[in-house]
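Chain residues, written in single-letter form:
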Amino acid sequence: QLPIDAHRLEILDTIARNRVTIVCGETGCGKSSRLPLMLLENDSKAKMFVSQPRRIAARALCDRVRQSLGEEVGLRLGF
């Protein structure tokens, strides 16, 4: 469990009610690794943009989410 997990329902509700949502939290709270999974578990056709400050971080994040979902990089997940 990561800190963001305790806010799952609040985050999903906020996203459902708003066109754009920015999630802020401490380093290591699960923003990058857990949030994409929450969104895809809630709506398998969800569209999202996750920003990372460096290309290596973006690739690593994509790989982590892809492995969690058991999917290949392609139309659904990319960097």
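First things first, this report covers the structure right here in the doc. (Residues numbered from 1 in each chain as written. Predicted model: local features only at pLDDT ≥ 70, side-chain atom pairs only at ≥ 80, totals over all residues. Heavy atoms only, no water.)

Time to look at the overall build of the protein. Helices and strands together make up the secondary structure of the protein, namely 3 helices and 0 strands. Across the 79 residues that make up the protein, the buried fraction comes to 23%. The long-range share in the protein, meaning contacts at least 24 apart out of those at least 6 apart in sequence, stands at 52%. Just so you have it, the protein exposes about 6,200 Å², and 51% of that area is on carbon and sulfur atoms. (Helix = DSSP H or I, 4+ residues; strand = E, 2+ residues; numbered from the N terminus. Buried < 20%, exposed > 50% of the residue type's maximum accessible area, 1.4 Å probe, protein only. Contact = heavy atoms within 4.5 Å. Areas by Shrake-Rupley, 256 points an atom, 1.4 Å probe, with all protein chains shown as cover.)

The next subject is the pattern of salt bridges. Tallying each qualifying case throughout the model produces 3 salt bridges. Across the pair Arg34 and Asp5 runs a salt bridge whose closest N-O atoms are separated by 3.2 Å. Linking Arg34 in helix α2 (residues 34–42) with Asp5 in the segment before α1 (8–17), this pair joins segments that are 29 residues apart in sequence. (Salt bridge = Lys/Arg side-chain N within 4 Å of Asp/Glu carboxyl O.)

What follows deals with the side chain of Ser33. Mapped onto the elements of the fold, Ser33 is located in the loop between α1 and α2. You can call Ser33 buried: its relative accessible area is 14%. Apart from the residues within four sequence positions on either side, Ser33 is in contact with Leu2, Leu61, Arg64 and Val65.

Let us look at the nonpolar core. One recurring pattern in soluble globular proteins is that nonpolar side chains are buried together. Core analysis: the largest hydrophobic core is formed by 6 residues, namely Ile4, Ile11, Leu12, Leu35, Met38 and Leu39. Contributions of two or more residues to this core are made by α1 and α2. If one sorts the elements of this core by residue count, α2 sits on top with 3 residues. Aside from chain neighbours lying at most four places away, what touches Met38 is Ile4, Asp5, Arg8 and Leu12. (Core = buried A, V, L, I, M, F, W, Y, C linked by side-chain atoms within 4.5 Å.)

Right, let's get into the environment of Ser32. Within the element layout of this structure, Ser32 appears in the loop between α1 and α2. Counting along the chain gives 32 residues from Ser32 to Arg64, while the straight-line C-alpha distance between them is 9.6 Å.

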